[in-house]
Amino acid sequence: MEWLGDTPALRAWRAGLPAGARVGFVPTMGFLHAGHASLMALLRPRVDALLVSIYVNPLQFGPSEDLDRYPRDAEGDAALCRAEGVDAVFAPASLYAPDFSTVVRVDGLTDGLCGASRPTHFQGVTTVVARLFGLTGAHVAAFGEKDYQQLAVIRRMVADLAIPVEIVGGPIVRDEGGLALSSRNAYLSEPDRRRARTLRAALRALQAAYDAGERDVDALRAVARACVDADRLDYLEVVDAASLRALHRVEGPARALIAAYYGATRLIDNVDVAAGAGAP
Ligand code: AMP
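Reading guide: rules and limits
Residues numbered from 1 in each chain as written. Predicted model: local features only at pLDDT ≥ 70, side-chain atom pairs only at ≥ 80, totals over all residues. Heavy atoms only, no water. Helix = DSSP H or I, 4+ residues; strand = E, 2+ residues; numbered from the N terminus. Rg over C-alpha atoms; globule rule 2.2 N^0.38 Å. Buried < 20%, exposed > 50% of the residue type's maximum accessible area, 1.4 Å probe, protein only. Contact = heavy atoms within 4.5 Å. Areas by Shrake-Rupley, 256 points an atom, 1.4 Å probe, with all protein chains shown as cover. Lys, Arg positive; Asp, Glu negative; His and termini not counted. Charge placed at Lys NZ, Arg CZ, Asp CG, Glu CD. Axes fitted to C-alpha atoms, helices over the stretch in contact; angles between N-to-C directions. Parallel < 35°, antiparallel > 145°, perpendicular 65-115°, else oblique. Nonpolar A, V, L, I, M, F, W, Y, C, P; charged D, E, K, R; others polar.

Participant: Account for the overall build of the chain, with residues named and values stated.
Facilitator: Summing up its helical and strand segments, the chain has eight helices and nine strands in all. Taking 19 Å as the expected radius of gyration for a compact globule of 280 residues, we find that the chain reaches 19 Å, a close match to that expectation. Judged by the C-alpha coordinates and their principal axes, the chain covers about 55 × 40 × 40 Å. With 280 residues in all, the chain has 52% of them scored as buried. When contacts within the chain are restricted to residue pairs at least 6 apart in sequence, long-range pairs at least 24 apart make up 73% of them. As displayed, the chain offers around 12,600 Å² of accessible surface, 51% of which is attributable to carbon and sulfur atoms. Both charge centroids of the chain, one from 30 positive and one from 34 negative side chains, sit 1 Å from each other.

Participant: Explain the packing of helix α1 (residues 7-15) against helix α5 (residues 121-136) to me, using residue names and the numbers behind them.
Facilitator: One way to put it is that α1 packs onto α5 with a least axis distance of 9 Å and a crossing angle of 45°. In terms of axis orientation, α1 runs oblique to α5. Judged by residue contacts, Thr7, Leu10, Arg11 and Arg14 of α1 engage Arg131, Leu135 and Thr136 from α5. Grouping the constituent residues of the contact of α1 with α5 by class yields two nonpolar, two polar and three charged.

Next up, the structure:
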């Protein structure tokens, strides 16, 4: 496995691939866990060369967010990538030239949910991902449904800008208590980790109420809210699965999404409302 520490090294690796090689790409911010590994495993059999990027992208952090303390573990990350059969890891110290001047912004889909409380977050994500697609020339890239809004925004950007890359979504990987794996879980105390499991429990309760026939979104949200043990609930929404617009009633494909704080740590989770509370 090659470790590519800067953009020239990435370009050289890319140029050295056999003509016609199909490149798969998993962009990450590192401190890798089984959720990231699942995306690598999803692409591995579909590509000739599998590339992972590790870059804590300053553009997607707000001024009071955790950029400076975001967890890092280059050795652990390298071991996980090697175990997943990754061919190369692109881990640059920086990704933007001093005169970098472009912003890629997707409107509409970014208005609500995480976009409401993190107003510049998604333009940071789309700007870095567009640049990474340009640098890597990836044919297929995988993103987790854990960041459901991000996945929708990336799909929109790729369609709107006609970027020649296929986007694949991967299901959420959870710990044994149902907590969605996240690099930010490293910030949680053990009691808060237990409390954070109520996010999943709340979404399951919402699914169970839907299964029992409830279609009114206020009623569904009330059922879920009653289950949440968090320091602060950021949002708990039921939205149209494609447009991400808030719903009053569930009449088609819908997604329930939650974001909550434990101290300064902000966690997110989501489910397909109609998937069934008994589904894994
Ligand atoms: P991050 O390193 O947090 O930026 O995440 C990199 C990619 O891994 C994104 O596409 C995430 O959606 C995905 N990811 C993070 N956590 C999980 C998880 N628990 N299950 C599945 N995918 C995940």
